[in-house]
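Coordinate analysis (summary)
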Amino acid sequence: MTALTKAPSELAPAAGAPASAALIGQPIPRLEDAAILTGQARYTDDLPVKPGTLHAAILRSPHAHAEILGIDVEAACAMKGVAAVVTGEDAKRFAAPFLVGVRAPMEHWCLAVDRVRYAGEPVAVVLADDRYLAEDALDRIEVRYRPLPVVMSIDQALSGDGEPLHPAVGSNIVNTRPFSYGDVNAALKAAEHRISATVHYPRNSCTPMECFVVMADYDRADGAYEVLSNFSGPFAIHPVMAKALKVPGSKLRLKLPPNSGGSFGNKQAVFPYIVIMGVCARVAGRPVKWVEDRLEHLMAATSATARRTDLEAAVSGDGRILGLRMEQTDDVGAYLRAPEPASLYRNHGNLTGAYRIPALDVVNRLAVTNKTPTGLNRGFGGGQLYFAIERLMHRIAVTLGLDPLDVIRRNLVPAAEMPYTTASGGILDSGDFQAAVEAAIADGGLDDLKARRDRARAEGRFYGIGYAAIVEPSISNMGYITTVLTADERRKAGPKNGAQASATVSVDPTGGVTVTVASAPQGQGHRTVLSQVVADVFGLRLGDIAVNTEFDTAKDAWSIAAGNYSSRFAGAVAGTAHIAATRLRDKLAKLAASQLNVTPEDIRFAGGRVFAAGNPDNSLSFSRVAAAGHWSPGTLPDGTEAALRETAFWTPPPLKAPTESDVINSSACYGFVFDICAVEIDPVTAQVRIDKYVTMHDAGRILNPLMVEGQILGAFAHAVGTALYEEYAYGSDGRFLSGTFADYLVPTACEVPVPVMLHRESPSPFTPLGAKGVGEGNSMSTPVCIANAVADALGLEISTLPLTPARIAALIEKPEVAKPAGMAAAPSKAPAKAGGRGLRGEGSRTVPASPEQVWAILLDPKELAALLPGCDALDLAGPNAYRAEVVVGIGPVRARYVAEVELTDLDPPRALTLSGRGSSALGFGEGSGHVTLEAAADGTRVVYRYDAAVGGKVAAVGGRMLDSATRMLIGQFFDRLIARAGGPAAVETSPSLLTRLLRLLGLRP
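The next subject is the overall build of the protein. Secondary structure assignment for the protein yields 27 helices and 36 strands. In terms of C-alpha radius of gyration, the protein reaches 32 Å, essentially the compact-globule figure of 30 Å for 1005 residues. Dimensions along the principal axes, computed over C-alpha positions, put the protein at roughly 115 × 75 × 60 Å. The 1005 residues of the protein split such that 59% are buried. Considering only contacts within the protein whose residues lie at least 6 apart along the sequence, 76% involve residues at least 24 apart. When the accessible area of the protein is evaluated, it comes to approximately 37,900 Å², of which 53% is carbon and sulfur surface.

Take a look at the structure:
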């Protein structure tokens, strides 16, 4: 059902009306959009900088795992316009390692101090007069690395093979916690069926339009830091940043801009860069600014955790789950970075989802790998959990020959048992799950979809239908994260629980109302919804309410639980604004009552006026009542407080600390989502096409239907990417392979169909307005719903994502026929060298000179410098050994490499080996080529074979072009050799389109 959109002017009453229609529940268009769509909205990079601000560029590791042997910054510091270069040594002087959420001896510094543990880890920062100079200076920093073995998968971490990333820990499994709720062993022994499944959920991201931005300054007189950043919370990270900067929280002033170009959770991960830039400002003695580029964001910002889940269920003959055993292992990347292990524990109270499962055993593990650290990502932890649970439900149905929909129905928590307490302690507060499912079946047209499936299968086509039923947790309990600790460790650390939200509502002397909340908007429509909520309380128009979305920890009310995460806005933030506005209204009612000669209980607010309930003509304007506390505080009745401002703090009553037996209600309330997905798979291209998608939501009381549907559509779009397109790709050696949107595929409007959106409302008894979260649900339910539909279409098991054409083709294509005897085998690909992308090639060219002449050219340093493409300098470093400075461009990336070049295996004038290795700010390269000189009738035939490897940013951005780029560079080498040997120079009167394109990409001079 789609909400009818109405303009605010249609819904607001005329001034002076005695009553007004409620704005809450109306589909009011977003007030924010006019500024955003016309380019007037200001984001962090749009805001002015302080005089003397320096601009930062970050040098990042090209290696996934390596020891840092030394860093030489002298040449970079000598460049004009460069103010400072900051390294790990500065971090050790002015900062401390970040706090770690488990009891393990791991250290994570804002800059690498001894070794790097993922490709893209910050190693040094250049501060210069502008970003261009800073980027150029990165090329002048020389870092010597000793590559180390890498750990790139959960399975590898579990195996115990591989070198520990953190030697003091001694293992790449840094934490293991078992939990037991009920007698699962007894259920498994007594069950008619024991059904198991193992699934792998991949890394993915959210790719907001705006990347990270940080502006930092250090006040030497006060020893305090001031930072403006598009950080989105949670503010539990504020003390983590303060401790890392070695100052009390009062000395770290964090300011948030009025707008953010999306976050979806991952802008909490800007906090290490806030610390880095704080250190930079202190070292340089000037303000600094850093703007992250897209490659940096994809390579090194953050990602969702990858998870391996092993399940075993005790199942009755009709498909009911009587007991469940789960083992969850999360890949958290190179460091367990706050607020992790949130992704593993956020859903602890709802591990059994929407189902009535009486017994549950869980083992949670945290694995470190040589990948970027993980963090909050829309629906964090939910997509991983439900991919496992809902794939298990589908497997139960297939194994027992049941309809998957019937298995879901039989296991859902009954409405009569609400509020229902799960085995692990979650309190499912309200809702009728069965009724929601039946409404989705009827209104979503499931019977028609089944008929389509029957017709498609009769014609031999792949068509399937999938389902998913989940609960959507919202307003996280601060105590859930402490479940990672044992009960004894929790007692020593002190209790943590609750989920406090804050809001301030104030009136000015003209009757204008201002609202400030401790939540940074990223597209949720804070201004619109808060205006609706507060305008309803005071009986005002939307335009009478000003919502200030900037935030300042030094001036505004906040708590450690503040921030915009975990679907907190509607239930907690808007509800707290309602509480603050109601308290302020009650104060105003007391003021008006004395002037209208009625009791405060008889006062009403509507149409911009304050009046007596029994006599609407006995009234005052709202502005006059509001002005009293400003203009004439001496006239206030005795004992009456001036009604100028009200700040409210609210925490949900059902959120307690974990019990001694690890029972935890990990969220304040739980929405319900039921999805139906129908897909068809092209047998030729293996492309998955979503034929129809139906999503039913019970999000409690709906505050604005228009924005609820916008949130649903946004989460659905994210989930389509997760299910079918998006994947962080790494080589087995740790190189990052998806550094552009050409490699990391994000769906566009063309790939995302509009789902059928259906609604029910079961208000939560635990939130001020009865609202629950809705912005994350489909990011949790849709990936597995699509996977279930694909499994139904193919009749095969689906155990991982994304379901790309290549992955689908591997499932449906028949094995290739064996080659006939005697047919030559295809040449093997080059093995990847440590830390890089392997390249191999061979070929030959004829040079119009004798072998002796060619040999003399190759061994002459000046001649060799002229032959090497991009070589600016070649200095003799030893016998047949040189130090070269080479500028090489691959696609959009161009870098200056400092290279060591060596000639070995000399057999004059017949053969030699040319080897080289180099590094730059954009990565590293190494390789060797064997050259043979053979006399020919028209000169010398030069035969070559080479092996090479490239890593770092060049591989991440230009990986698809490396083979062709290598061929181009070799071609340039031989063109120059032919010219030096006296052959004709190439003449190009009219460059081809291909040549012009290659030049544009930096592949041709």
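Below, the discussion takes up the sheet that holds strand β15 (residues 360-367). What links the strands of a sheet is backbone hydrogen bonding, and the strands pair in either a parallel or an antiparallel sense. In space, the five strands of this open sheet follow the order β7-β15-β14-β13-β8, with mixed pairing throughout. Two strands in the sheet have a free side with no partner beyond their single neighbour: β7 (173-181) and β8 (193-201). Adjacent strand axes in the sheet meet at a mean angle of 10°, parallel and antiparallel pairs treated alike. Where strand β13 (residues 306-315) meets strand β14 (residues 321-331), 10 bridges bridge the pair, whose relative direction is antiparallel. Of the residues in β14, the one forming a bridge with A306 is D331. Helix α12 (residues 382-400) rests against β8, β13 and β14 of the sheet, and its axis sits at about 140° to β8.

The next subject is helix α18 (residues 569-596). Burial analysis of α18 places 20 of its 28 residues in the buried class, the great majority of the element. Where α18 terminates, the next one or two residues include N597, which has phi positive at roughly 60°.

The next thing to look at is the confidence of the model for the protein. The pLDDT averaged across the protein works out to 90; a share of 91% of its residues lies at or above 70. Confidence over residues 1-18 falls short of pLDDT 50; this stretch has 42 contacts with residues more than four positions distant or in other chains. With pLDDT under 50 throughout, residues 823-835 is counted as low confidence; its partners more than four residues away or in other chains account for 23 contacts.

We now examine helix α17 (residues 526-538). The end-to-end C-alpha distance of α17, which contains 13 residues, comes to 18 Å, matching closely the 18 Å that a straight helix rising 1.5 Å per residue would cover. The buried count for α17 comes to 11 of 13 residues, which makes it a mostly enclosed element. Inspection of α17 places H526, T528, V529, L530, S531, Q532, V533, V534, A535, V537 and F538 among the buried residues, and these make up the whole buried set. Directly beyond the C-terminal end of α17, a positive phi value near 65° is found at G539.

Let us look at the packing of aromatic side chains. As enumerated under the stated definition, the model contains 20 aromatic pairs in all. Considering the side-chain rings of Y201 and F387, the 6.1 Å spacing of their centres and the 65° angle between planes classify their relative orientation as edge-to-face. Separated by 186 residues along the polypeptide, Y201 in strand β8 and F387 in helix α12 bring together distant segments of the chain. Its relative accessible area of 6% is what places Y201 among the buried residues. The exposure class of F387 is buried, given its relative accessible area of 0%. Ring geometry for Y273 versus W290: centroids 4.6 Å apart, planes at 20°, classification stacked. Taken together, the positions of Y273 in helix α9 (residues 271-284) and W290 in strand β12 (residues 288-291) put the pair 17 residues apart, joining distant regions of the chain. We note that Y273, like W290, is buried. Here the aromatic residues F231, F235, F551 and W558 are joined through ring pairs into a cluster of three or more.

Close contact between helix α20 (residues 705-724) and helix α21 (residues 777-794) brings their axes to 8 Å; oriented N to C, the two are set at 40°. As judged from the angle between their axes, α20 and α21 are oblique. The two elements α20 and α21 meet at a crossing, and its hand is right-handed. Taking contact as the criterion, the partners of I712, A715, F716, A719, V720, T722, A723 and L724 in α20 are, on α21, N778, S779, T782, P783 and I786. Of the residues contributing to the contact of α20 with α21, the split by class is nine nonpolar, four polar and no charged.

Another point: the environment of F924. Secondary-structure assignment places F924 in strand β35 (residues 923-936). Residues F924 and G952 lie 28 residues apart in sequence; the distance between their C-alpha atoms is 6.3 Å.

This next bit is on the nonpolar core. In globular proteins that are soluble, nonpolar side chains generally tend to be buried together. Ranked by size, the top nonpolar core spans 179 residues in total, and within it V125, M277, L324, F674 and V790 carry the most contacts. Discounting residues that sit within four places of it in the chain, V125 has contacts with A56, A57, I58, A84, V85, V86, L111, I276, M277 and C280. Counting residues in each nonpolar core, the second largest holds 57 residues, with V610, V625, A628 and L769 among its members.

The four strands lie next to each other as β18-β27-β28-β29, forming an open sheet whose pairing is mixed. Here the strands that pair on one side only, and so sit at the sheet edges, are β18 (462-476) and β29 (756-760). Strand-to-strand, the axes of this sheet are offset by a mean angle of 20°, without reference to chain direction. Across the sheet, α21 is in contact with β18, β27 (667-681) and β28 (688-698); its angle to β18 comes to roughly 160°.

This paragraph deals with empty space enclosed by the protein. Under the definition given, this model contains seven cavities of 30 Å³ or more. Looking at the second largest cavity, its volume works out to about 130 Å³. Lining the second largest cavity are 16 residues, with Y201, N204, N377, R378 and T722 sitting closest to its centre. Contributing elements (two or more residues each) for the lining of the second largest cavity: α12 and α20. Taken together, the residues of the lining of the second largest cavity break down into four nonpolar, 10 polar and two charged.

Examined bridge by bridge, strand β1 (residues 54-60) and β12 share two bridges and lie parallel to one another. In the strand pairing of β12, L54 is matched with V288. By the bridge criterion, four bridges tie strand β9 (residues 213-219) to β12 in an arrangement that is antiparallel. Counterpart to M215 in the pairing with β12 is K289.

Counted according to the given criterion, the structure contains 53 salt bridges. Here D90 makes a salt bridge to R93, at a shortest N to O gap of 3.3 Å. Taken together, the residues D90 and R93, both in helix α4 (residues 88-94) and three residues apart, mark about one turn of the helix. Given a relative accessible area of 10%, D90 falls into the buried group. Each of D448, R452, E459, R461, E680, R689 and D691 takes part in salt bridges that share partners, so that together they form one network.

Take the environment of L322 next. Positionally, L322 belongs in strand β14. The class for L322 is partly exposed, based on a relative accessible area of 38%. Through-space distance from the C-alpha of L322 to that of I603 is 56 Å; in sequence the pair is 281 residues apart. Ignoring anything within four residues of it in the chain, the contact list for L322 reads A187, A314, S316, P358 and A359.

Mapped onto the fold, K450 is located in helix α15 (residues 446-458). Under the relative-accessibility criterion, K450 is labelled partly exposed at 25%. Taking the C-alpha atoms as reference, K450 lies 45 Å from G498; in sequence the two are 48 residues apart. If we skip the residues at most four places from it in the chain, K450 touches D403, I465 and Y467.

Analysis parameters
Residues numbered from 1 in each chain as written. Predicted model: local features only at pLDDT ≥ 70, side-chain atom pairs only at ≥ 80, totals over all residues. Heavy atoms only, no water. Helix = DSSP H or I, 4+ residues; strand = E, 2+ residues; numbered from the N terminus. Rg over C-alpha atoms; globule rule 2.2 N^0.38 Å. Buried < 20%, exposed > 50% of the residue type's maximum accessible area, 1.4 Å probe, protein only. Contact = heavy atoms within 4.5 Å. Areas by Shrake-Rupley, 256 points an atom, 1.4 Å probe, with all protein chains shown as cover. Pairing = 2+ DSSP bridges. Axes fitted to C-alpha atoms, helices over the stretch in contact; angles between N-to-C directions. pLDDT = per-residue confidence, 0-100. Expected span 1.5 Å × (residues − 1). Phe/Tyr/Trp six-rings, centres within 6.5 Å; stacked < 30°, edge-to-face > 60°. Parallel < 35°, antiparallel > 145°, perpendicular 65-115°, else oblique. Left-handed = near helix turned anticlockwise from the far one by under 90°. Nonpolar A, V, L, I, M, F, W, Y, C, P; charged D, E, K, R; others polar. Core = buried A, V, L, I, M, F, W, Y, C linked by side-chain atoms within 4.5 Å. 1 Å grid on protein atoms, 1.4 Å probe; cavity = no way out; pocket = protein on both sides within 12 Å on 5 of 7 lines; lining within 4 Å. Points joined across faces, edges and corners; volume = space filled by probe spheres on them. Salt bridge = Lys/Arg side-chain N within 4 Å of Asp/Glu carboxyl O.

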